[in-house]
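Summary of the model geometry
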Amino acid sequence: MNDRTSALDSVVFGVDIQSGDVRGDSPSYALVVLDTRDTESDEVRIERDVVSFRKLRRLIERDEPTVVATDNMYELAADKDDLVRFLRWLPHETRLVQVTGAERPEPLSRVASRHGVPYGKDPMKEAEAAARLALANIGYEVVAFENTTTVKVSRGRSTGKGGWSQDRYTRRIHGSVKQQSREVESALKEANLEYERDITEKYGGYSQALFTVEGRPQDIPVSARRSGDTRIEIERERRDGVEFEPLVKRRDRVIVGIDPGTTTAVAVIGFDGRVLDVHSTRTADTAAIIEWLIERGRPSLVAADVNPMPETVEKFRRSFDAAGWIPPSDIPVDEKLHRTRDVNYENDHERDALAAALFAFDDHADQFERISRKVPADVDREEVIARVLTSEESVEAVLREMNDDGADTGDDDTDDTPEQPELTPEERQIRNLKSRVERLESHVDDLNETLDEKNETIEEYKKELSDARREERREARERREVNRLERENGRLERKAESLEDEKDELAEKLDRLKSLWKLDHSNFADVNTEGNLAPVKIVEQFTNGALDHTVEAYGIAAGDVVYLRDASGAGRTTAERLAAFDPRLVVRSGNLSEVADEVLFEAEIPVAPAADVTIQEIDELAVASKAEIDAAIDDWETRAEARRKKNRESMVDQIISEHRAEKR
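Not measured: the values here are computed from a predicted model.

**Re the overall build of the protein**
- From N to C terminus, the protein includes 17 helices and 21 strands.
- The buried share of the protein, taken over its 664 residues, is 38%.
- Expressed as a percentage of contacts within the protein between residues at least 6 apart in sequence, the contacts between residues at least 24 apart total 63%.
- For the protein, the accessible area works out to roughly 39,000 Å², and carbon and sulfur atoms hold 45% of it.

In structure tokens form, the structure reads like this:
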């Protein structure tokens, strides 16, 4: 398995299509399971089976393998959208691996042969080969999601179309969302997760809280759920497309850009120009930085952004025995900004390191392409490129050295003299040196041809460079201005939304004021044409909440007639509050509590049963006959006088009883 590290204590599924097609109705798959768990030796437990696609998914859900390996990812998905759905469905700890390469996969037979893995054309043998390659950390993980997760806390139910309790209902829902958002934020803080928060404030609390968390769903101590007034949704952030990440990066040859100083920054990119990692530190020493680089690859080209190369960068280059690269002159800041515009970095030092690595790649891109065309498919392309960079030999010479460890058979010798049966060491060395000189001369000719081609265009580039720089600076200013305007536009949109909510609240309040005005003016005059009716303020239930609603909607003033639709259940405090309004008459449905009855009686508030007063409700109004109201008040006065007389008699009897008791 070469020098790669096998995946220990893991379960690997190798999959290859057996029959049918994933775009059809019923494809079947050859499945090979390699299980290295609970094994004390190097033996691997192997299971083989032919399963349907539905059963394959059930097995993945049940066993949660470390890797699902295949030679072609589109054997498991019909298209890219279907592939993204499949990746979203996979268990959190399961990775989909394409063992034959990234965007341009090789034949499985070639990959298996290169790494010494048994191979056969039977689907079951192909599935086993894929599983064994993945077990040896050979292949590329198929990735469609960032390590960023969105946690959304929002309303769990609609606020409805309105009603008597609409405001209180809306406040409760928004208050629940706000409380749930605080609990989620507290959990994220306790887990030491970095996050950004975007709040949408509404009447009474929040209508939505959006947390963008640096972490995967399994790292977040919050689960998706819906309960009552709130719901929590968790979704990983998608990348722009489907990408490939190598399972093992230590064998990769890389280009390193270094910006030395008080803060040392290091950037690592692959031979394909893809940025792999970037890092900056004020505390790490040279050894720590070298260790960091070794963990990410084998540097073959070390670059700086200034000319000449700083001594610190030169030390790093010598440490890795790598080739060096410096620009013709110090790279201007605007060119660095343009070259690194699509890469995320934390500070100017990381930007400079990235720019050095990327410009070094740009300078060698044509050379890399020429070398790649000459390298056979079964030879490590990156190893050949690295040797060409460091030894400055031709591709053919490097390939020969890789094949026979530098031995030369003399087949390229053009000397007309007969071949000697034996050569002295000096003659053999001379012959090898001559052959090497010829190869180098051929390489020089190739380089001269390339140089001539570049010289033909260099003058044009010089003329265009100044204009291009000015245009780039202008575009950079425009981008900054656009970003500023977009941020300002976002702020104004949020403010407009807030003002819209405030307008809705004021409109609701205006509607209530209009209702109150109509009650006191026009509508009442419409129904009270003969002047013999009096308005009645309705209280749904004899509670503080119902009193609040009536006061807010219509108001209760001294001398009003108040109708308690449900008079039961009131205590002393509620009754005292009603008495404080000093109503002319209280009409009740149901019986008052003894406490409430006593409070209203002591406050001399007339109380009459609903049967004594006919209350008519017309639209939003309630009215009653003035004559019936006066009669109810007179009746209460009569009953009140009798009650007072009875109370006085009871008081006298009590005094006499107490006096007689004292004499004894």
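**Notes on the layout of surface pockets**
- As a volume, the largest pocket reaches approximately 2,100 Å³.
- Lining the largest pocket are 46 residues, and of these Phe145, Glu146, Asn147, Arg239 and Glu245 lie nearest its centre.
- When contributions to the lining of the largest pocket are tallied by element, the ones reaching two or more residues are helix H2 (80-89), strand S5 (95-98), strand S6 (140-155), strand S10 (230-246) and strand S13 (275-281).
- In the lining of the largest pocket, the residues fall into 16 nonpolar, seven polar and 23 charged.

**Describing the nonpolar core**
- Within the largest apolar cluster, 28 residues are counted, with the highest numbers of intra-cluster contacts made by Phe13, Leu56 and Leu96.
- Among the nonpolar cores identified, the runner-up in size contains 25 residues, and Leu301, Leu358, Val375 and Val395 belong to it.

**Remarks on the packing of helix H14 (residues 544-553) against helix H15 (residues 572-580)**
- Running from N to C, H14 and H15 cross one another at 25°; their axes reach a closest spacing of 10 Å. On the basis of their axis angle, the class for H14 and H15 is roughly parallel. Counting all contacts with H14, which are made through Asn544, Leu547 and Asp548, the residues of H15 involved are Thr574, Arg577 and Leu578.
- The residue makeup of the contact of H14 with H15, split by class, is two nonpolar, two polar and two charged.

**Some details on helix H16 (residues 594-602)**
- By the burial criterion, the buried members of H16 are Ala596, Val599, Leu600 and Phe601.
- Check the buried side of H16 and you find it contacts H15, strand S19 (607-609) and helix H17 (626-663).

**Description of the environment of Ile294**
- When you line up the elements, Ile294 lands in helix H6 (residues 286-294).
- Residue Ile294 is classed as partly exposed on the basis of its relative accessible area of 35%.
- Put simply, Ile294 and Phe320 are 26 residues apart on the chain and 9.4 Å apart in space, counted from C-alpha to C-alpha.

**Some thoughts on the confidence of the model for the protein**
- Averaged over all residues, the pLDDT of the protein equals 83, while 87% of them reach at least 70.
- When pLDDT is averaged over each helix and strand of the protein, the minimum, 51, is found for helix H13 (residues 522-527) and the maximum, 95, for strand S4 (residues 67-70).
- Segment residues 1-8 is flagged for pLDDT under 50; beyond a separation of four residues in sequence, or across chains, it makes 23 contacts in the model.
- This model gives residues 405-421 a pLDDT under 50, and the stretch forms 12 contacts once residues within four places in sequence are excluded.

**A few points about a negative patch on the surface**
- Judged by side-chain charge, Glu194, Glu196, Glu214, Glu237 and Glu346 come together as a negatively charged surface patch.
- Structurally, Glu237 is set in strand S10.
- On the basis of relative accessible area, Glu237 is assigned to the partly exposed category, the value being 35%.

**Here's the deal with the sheet that holds strand S14 (residues 298-303)**
- Taken in spatial order, the five strands make up an open sheet running S13-S12-S11-S14-S15, and their pairing is mixed. This sheet does not close on itself; its edge strands, each paired only once, are S13 and strand S15 (323-325). Between one strand axis and the next, the sheet turns through 25° on average, direction left out of account.
- One ladder, built from three bridges, connects S14 with S15; its direction is parallel. Across the sheet, residue Val302 finds its bridge partner in S15, namely Gly324.
- Lying over the sheet, H6 contacts strand S11 (253-259), strand S12 (264-270) and S13, oriented at roughly 15° with respect to S12.
- Against the sheet, helix H7 (residues 311-320) makes contact with S11, S14 and S15, and its axis sits at roughly 155° relative to S14, the strand it touches most.

Calculation rules
- Residues numbered from 1 in each chain as written.
- Predicted model: local features only at pLDDT ≥ 70, side-chain atom pairs only at ≥ 80, totals over all residues.
- Heavy atoms only, no water.
- Helix = DSSP H or I, 4+ residues; strand = E, 2+ residues; numbered from the N terminus.
- Buried < 20%, exposed > 50% of the residue type's maximum accessible area, 1.4 Å probe, protein only.
- Contact = heavy atoms within 4.5 Å.
- Areas by Shrake-Rupley, 256 points an atom, 1.4 Å probe, with all protein chains shown as cover.
- 1 Å grid on protein atoms, 1.4 Å probe; cavity = no way out; pocket = protein on both sides within 12 Å on 5 of 7 lines; lining within 4 Å.
- Points joined across faces, edges and corners; volume = space filled by probe spheres on them.
- Nonpolar A, V, L, I, M, F, W, Y, C, P; charged D, E, K, R; others polar.
- Core = buried A, V, L, I, M, F, W, Y, C linked by side-chain atoms within 4.5 Å.
- Axes fitted to C-alpha atoms, helices over the stretch in contact; angles between N-to-C directions.
- Parallel < 35°, antiparallel > 145°, perpendicular 65-115°, else oblique.
- pLDDT = per-residue confidence, 0-100.
- Patch = residues over 30% accessible without salt bridge, like charges linked within 9 Å, V, L, I, M, F, W, Y side chains within 5 Å.
- Salt bridge = Lys/Arg side-chain N within 4 Å of Asp/Glu carboxyl O.
- Lys, Arg positive; Asp, Glu negative; His and termini not counted.
- Charge placed at Lys NZ, Arg CZ, Asp CG, Glu CD.
- Pairing = 2+ DSSP bridges.

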